[in-house]
Every structure is written in structure tokens, then in C-alpha cells.
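Each chain is listed here by its residues.
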Amino acid sequence: SPRRTGPPDGGWGWMIVAGCFLVTICTRAVTRCISIFFVEFQAYFGQDYARTAWIHSIVDCATMLCAPLGSLISNHVSCQVGIMLGGLLASTGLILSSFATSLEHLYLSLGVLTGLGFALCYSPAIAMVGKYFNKKKALAYGIAMSGSGIGTFILAPVVQLLIEQFSWRGALLILGGFVLNLCVCGALMRPIALKEDCKPAPEFLEQDYVLEARKQDLKRMSICSPLIKAWSHECLCYCSWKEYDFLLMPGFMVLAVSVLFMAYGCSPLFVYLVPYALSVGVSHHQAAFLMSILGVIDIIGNITFGWLTDRRCLKKHRHFCYLFAVGMDGLCCLFLPVLQNFPLLVPFSFTFGYFDGAYVTLIPVVTADVVGTSSLSSALGVVCFLHAIPYLVSPPVAGWLVDTTGSYTASFLLCGFSMIFSSMLLCFATLAKKIKRTHLLTNDTGTKQHIWTNGAIAYSVTAELDQKDVEFLAAGTNSYSNR
């Protein structure tokens, strides 16, 4: 087994970053580019906005809903196996989608199968970066997550060109071959054993089962022995609980609720930005260029926010940097309905793309700060899982609002308010935690002064002195008595 060590903060870790960078291109960037197919699917199958939007929703939902499965395979089998298997499934789904004859066919192939493949790749690759970096964690995540923006910048015009040259079927077939590069990314994910991953066995296992096992000759025992079965069952239950014990942490609970509202607000924009631009008179190439701008500025947000939050002055304020970025994206959505030509939509793509890249970079960093590195893979799986329902529901709901009102205004306003609420919720929870901590520190200081001023009776009042304090007070009392 590999020697247990601390995060190397470099070395092969930069290859892990490169692998994660490619994974985000092949998963998140490709998912974003599915919105370019929206108008093609709608025209070919003759369906309304809401039904067509289910394709993108199911891809995102399957990716996030099955993220814990990706973490499970990564933790118990291998990160390399999980990502390679996911690459094969995602490629198969895209290739089968090129032969689709109905929207229902696309729901299953492009939605479920491709989404499942992306799920097996995404969260394990992100978690692996966190295992290789500590001091440079935010910068490493910024570079790795920038693959989503770079991929969108490159793929958006390329996909539009492919659709024009080979129709949407040919474009999906080519994307299926491109996504096979996930198998190469999986090969780069060399496992590492960290010191904090080595957790001691629980006391009851040591006392009850291990001692009992030592009394017997295990070589002569059947592998189906009740003792072995019971011991294995207890080990499995304990390990499973330790893997997800962070679920009961108050900090993670608040983060989880905040993520639900954030995910609801961010998803519809990537689905409807191109259709909205086309509806206000922007050409197809200009609409695809808006996605490219959003993608390339996303890169700048990834890297600059990652670098800035690694600085000593901001490292302790990562939560507030994350909240600020989410809130700014919410404000951008609120102003989008009044931007009705290409020159006005370009600054929107710049602003929204920058802050989208900023908070996406900080999601794994903030999660690691809450649960610790040892539980990061499982926690990211749960965070991705929490994205599933909002990603599934929000685009069809936005499409229904467009069909009902004949305008995109209600859809974008709902997205904006949802993201602002997400930011405010986590902000109030963080402030409340800081106030409570300050109050406890004040009380502790007052208690300590009370102890020293009340001499020997302080222990019976506070019940908080350790043995050395008791001995010190006893010695002082004896000295006073001798005088």
C-alpha cells in the first residue's frame, strides 16, 4: 500500500489538476453546449419550450443525482476505474443520441446515460485535487475548474459549426468520440494515502471482536464463521457511518440548503441564454459567441478568485467571497430582461461568467473547510446530489413560465431572487456563528477570571479546572495555611 503522507502541494498533483481540467471540459462544458442544440431539437421534433428543456434538465439531474455513486466507487474501488467507466457510459449515451427519433429517446440516452457517465467522473476528479493540495488548494481548484469555461469558449462555436456542417446528429456523434477522452483523464488519477485518512478502529471493535478473534485460530475457521460475519458487519456499519457523519454537522446543513437555492437559480440561464438572445434579434453566431464569452470569462473568474482566496488576507474569508460571487450572479439575472440587444448582452456575459467561475471554484474549497479533507470526496458527492432536483426542475419551470407569459422576464427574475436568497441565507448563518463564538469566548474569559479570584472554591463553582489547576490551588492554600 502507498506510504501515508501529507498533501504534496505540487509534483504529480499538477498532473491531477490537468486531469481534472480535462474532466471539467468533457463534462460541464459539454453539458453547457447542449443548450446550443435546444433550438434544433425544438424545430426537429416540433415541441414546446418546457418539453424540450427536460433534455438539459435530465442531463444535469443525472450528473448530480448519481454523484454519490461516483464517490462510492472512487472510495471503495478506485478513482481511475470510476472515471474510465464514466467516460465509456457518457460516450455511449451521446452516440446513441445521434440516432434519436423522439424526445423520449433523448431523455434516456442523452439525459440518463450520459448524465450517469458524467456523474462517475466529476466529483471523484474534483475530490482528488483536494487530496493533493492544501496550501495552494484554491489556486489548484481554480485551474482545474477553469476547464468548464475554456471548454465552453472553444466548444460553443465549434458545436454550432458542426451542427451547420453535419446536422445535430453528426454533431452529437462527434461529441461522443470527444468525450472518450475521459478515459485518458482517469488514467492520470494516481491514488494517494493521507495521514488523516487513517482512522483508528472503534473501541468496541478492539475490545469485543478483535480480542475474541485472537483467542481462536483464524486459519482453521470457516470464512462463514458467525464471528467473522458479525465483525465484518460492525466494521462495514462503522466505516459507512464515519464516511457520512458530516451530514449532521450544522455548518454542512446550512451549506446544503444554500446550495439548493443556488443550483435552482444558476441552471436555467445556461439553457435559455441562447434562445433568449435569438428572441431579441441576435443572430445564431452572435448567440453562440455569447456562450463563448461567458466561458472564457469563467476561466478568469476561476483562476483569479482561486489565487486571491489563497492569499493570507482573504484565506479566512472564503465563505464571504463565495457569498459575494453568488449574490452578484443573482443581480445579473435580475437585470437580464432589460438587456435586449447584442451590445448589452456582451457585458452581461462578462459579469455573469466571471462570478460564476468564482463561486464554482470556491464550492469544493468551502466544502473542505466545513467537513475536512478526509470526508471531501463523500461531501462533494452529497453537494452534487443536492444540485440534482433544482437542475431537474428549474429549466422546465422556466420554460413553463416562458410558454405561459410569452416572455423570459419571470424566469430570469425567479433565478435571480433564488441565488440572492442562497447568498443571504449562508451569510446570516456565518454571521450568527461568529457572534456565538465571540460570545462563548467572552464567557470563557469571564469564567477564567472568576476561577482565579475565588481561590480554592472555584473548582466546585465552575467544574472546569484540570488536574494541574487543582494541584496549583491546593499548593497555594497549604502555603497560606502555613503562614
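Remember, predicted model here, so these are calculated numbers, not experimental data. (Residues numbered from 1 in each chain as written. Predicted model: local features only at pLDDT ≥ 70, side-chain atom pairs only at ≥ 80, totals over all residues. Heavy atoms only, no water.)

Considering a nonpolar patch on the surface
Moving on, step 1. Nonpolar side chains collect at one region of the surface, where Leu-65, Phe-385, Ile-389 and Val-393 lie side by side and expose about 320 Å² of accessible area between them.
Moving on, step 2. Per element, the largest residue contribution to the nonpolar patch is three residues, and it comes from helix H16 (residues 376-405).
Moving on, step 3. If you trace the backbone, Val-393 turns up in helix H16. (Patch = residues over 30% accessible without salt bridge, like charges linked within 9 Å, V, L, I, M, F, W, Y side chains within 5 Å. Areas by Shrake-Rupley, 256 points an atom, 1.4 Å probe, with all protein chains shown as cover. Salt bridge = Lys/Arg side-chain N within 4 Å of Asp/Glu carboxyl O. Helix = DSSP H or I, 4+ residues; strand = E, 2+ residues; numbered from the N terminus.)

Observations concerning empty space enclosed by the protein
Moving on, step 1. For the structure shown, the criterion picks out three cavities of 30 Å³ or more.
Moving on, step 2. By volume, the largest cavity is sized at about 360 Å³.
Moving on, step 3. Along its surface, the largest cavity is lined by 24 residues, and Arg-28, Met-64, Tyr-122, Val-360 and Tyr-391 are the ones closest to its centre.
Moving on, step 4. For the lining of the largest cavity, the residue count by class is 15 nonpolar, five polar and four charged.
Moving on, step 5. One number sums up the size of the second largest cavity: a volume of about 70 Å³.
Moving on, step 6. Around the second largest cavity sit Ile-36, Val-39, Glu-40, Gln-160, Val-274, Leu-278, His-284, Ala-287 and Ala-288, which together line it.
Moving on, step 7. Looking at the lining of the second largest cavity, the elements with two or more residues in it are helix H2 (38-45), helix H11 (250-279) and helix H12 (284-308). (1 Å grid on protein atoms, 1.4 Å probe; cavity = no way out; pocket = protein on both sides within 12 Å on 5 of 7 lines; lining within 4 Å. Points joined across faces, edges and corners; volume = space filled by probe spheres on them. Nonpolar A, V, L, I, M, F, W, Y, C, P; charged D, E, K, R; others polar.)

Observations regarding the nonpolar core
Moving on, step 1. Counting residues in each nonpolar core, the largest one holds 124 residues, and the members touching the most others are Phe-37, Phe-41, Val-129, Phe-252, Met-262, Tyr-322 and Tyr-359.
Moving on, step 2. At 16 residues, helix H15 (residues 342-371) tops the list of elements feeding residues into this core.
Moving on, step 3. In this structure Met-262 touches Tyr-322, Val-326, Tyr-359, Ile-363, His-387, Met-419 and Ser-422, once residues within four positions along its chain are discounted. (Core = buried A, V, L, I, M, F, W, Y, C linked by side-chain atoms within 4.5 Å. Buried < 20%, exposed > 50% of the residue type's maximum accessible area, 1.4 Å probe, protein only. Contact = heavy atoms within 4.5 Å.)

Things to note about the side chain of Thr-52
Moving on, step 1. Following the sequence through the fold, Thr-52 ends up in helix H3 (residues 49-65).
Moving on, step 2. Setting aside its immediate chain neighbours within four residues, Thr-52 contacts Phe-38, Phe-41, Gln-42, Gln-47 and Leu-103.

Digging into the packing of helix H4 (residues 67-76) against H16
Moving on, step 1. The interhelical angle for the contact between H4 and H16, taken along N-to-C directions, is 165 degrees, at an axis separation of 7 Å. Between H4 and H16, the interaxial angle falls into the category roughly antiparallel. Judged by the twist between their axes, the crossing of H4 over H16 is right-handed. Contacts between H4 and H16 pair Ala-67, Pro-68, Ser-71, Ser-74 and Asn-75 from the former with Ser-377, Ser-378, Gly-381, Val-382, Cys-384 and Phe-385 from the latter.
Moving on, step 2. Across the contact of H4 with H16, the residue classes break down as five nonpolar, six polar and no charged. (Axes fitted to C-alpha atoms, helices over the stretch in contact; angles between N-to-C directions. Parallel < 35°, antiparallel > 145°, perpendicular 65-115°, else oblique. Left-handed = near helix turned anticlockwise from the far one by under 90°.)

Some words on the confidence of the model for the chain
Any segment with low pLDDT has predicted coordinates that should not be analysed in fine detail.
Moving on, step 1. Confidence in the prediction for the chain averages 77 pLDDT; 79% of positions are at 70 or higher.
Moving on, step 2. Contacts of residues 199-238 to residues separated by more than four positions or lying in other chains number 28 contacts, the stretch itself having pLDDT below 50.
Moving on, step 3. Per-residue pLDDT stays below 50 along residues 448-470; that stretch engages in 16 contacts with residues further than four places along the chain or on separate chains. (pLDDT = per-residue confidence, 0-100.)

Some remarks on helix H7 (residues 137-179)
Moving on, step 1. A rise of 1.5 Å per residue sets the reference length of H7, with its 43 residues, at 63 Å; its end C-alpha atoms lie only 27 Å apart and thus fall more than 12% short of the reference.
Moving on, step 2. At Phe-166, H7 is deflected by roughly 120 degrees, the largest bend along its length. (Expected span 1.5 Å × (residues − 1). Bend = angle between axes of the 7 residues up to and from the residue.)

As for helix H6 (residues 103-132)
Moving on, step 1. Spanning 30 residues, H6 covers 42 Å between terminal C-alpha atoms, matching the ideal 44 Å at 1.5 Å per step.
Moving on, step 2. Burial within H6 is extensive, with 24 of its 30 residues counted as buried.

So, unusual backbone geometry
Moving on, step 1. At Ser-167, a position not held by glycine, the phi torsion is positive, near 70 degrees.
Moving on, step 2. Along the chain, Ser-167 turns up in helix H7.

Observations regarding the packing of aromatic side chains
Moving on, step 1. What the rule picks out here adds up to 19 aromatic pairs.
Moving on, step 2. Between Tyr-354 and Phe-355, the aromatic rings sit 5.3 Å apart at their centres with planes inclined by 90 degrees, giving edge-to-face as the arrangement.
Moving on, step 3. Overall, Phe-355 belongs to the buried group, its relative accessible area being 12%.
Moving on, step 4. An aromatic cluster is present here, built from Phe-37, Phe-41, Tyr-44, Phe-45 and Trp-168 joined pairwise through their rings.
Moving on, step 5. In this structure, Arg-28 is placed above the aromatic ring of Tyr-122, and the distance from its NZ or CZ to the ring centre is 5.8 Å.
Moving on, step 6. Here Arg-190 stacks its cationic end above the ring of Trp-12, 4.0 Å away from the centre of that ring. (Phe/Tyr/Trp six-rings, centres within 6.5 Å; stacked < 30°, edge-to-face > 60°. Lys NZ or Arg CZ within 6 Å of the ring centre and 35° of its normal.)

Regarding the layout of surface pockets
Moving on, step 1. Roughly 550 Å³ of volume is contained in the second largest pocket.
Moving on, step 2. Lining the second largest pocket are 20 residues; nearest its centre among them are His-319, Val-370, Thr-430, Lys-433 and Arg-437.
Moving on, step 3. Elements with a minimum of two residues in the lining of the second largest pocket: H11, helix H14 (318-335), H15 and helix H17 (409-453).
Moving on, step 4. Examining the composition of the lining of the second largest pocket, we find that six residues originate from one element, H17, more than from any other.
Moving on, step 5. Taken together, the residues of the lining of the second largest pocket break down into nine nonpolar, four polar and seven charged.

What to know about the pattern of salt bridges
Pairing between side chains of opposite charge can happen when their charged atoms approach one another.
Moving on, step 1. The final tally for this structure, using the stated rule, is four salt bridges.
Moving on, step 2. Linking Asp-60 and Arg-28 is a salt bridge whose minimum nitrogen-to-oxygen distance equals 3.1 Å. Here Asp-60 is found in helix H3, whereas its partner Arg-28 is found in helix H1 (residues 13-33), with 32 residues between them in sequence. One exposure class covers both Asp-60 and Arg-28, and it is buried.
Moving on, step 3. Asp-356 serves as the salt-bridge partner of Arg-32, at 2.8 Å between the closest nitrogen and oxygen.

Here we look at the environment of Ile-420
Moving on, step 1. For Ile-420, the location among the structural elements is in helix H17.
Moving on, step 2. Taking the C-alpha atoms as reference points, Ile-420 and Phe-324, separated by 96 residues in sequence, lie 9.4 Å from one another.
Moving on, step 3. In this view, Ile-420 contacts Gly-327, Gly-330, Leu-331 and Leu-334; residues no more than four positions away in its chain are not counted.

Quick word on the environment of Cys-66
Moving on, step 1. Position of Cys-66 relative to the elements: it lies in the loop between H3 and H4.
Moving on, step 2. Distance from Cys-66 to Val-112, taken between C-alpha atoms, is 10.0 Å for residues 46 residues apart in sequence.
Moving on, step 3. Residues in contact with Cys-66, not counting those within four places in the same chain, are Leu-116 and Ala-119.

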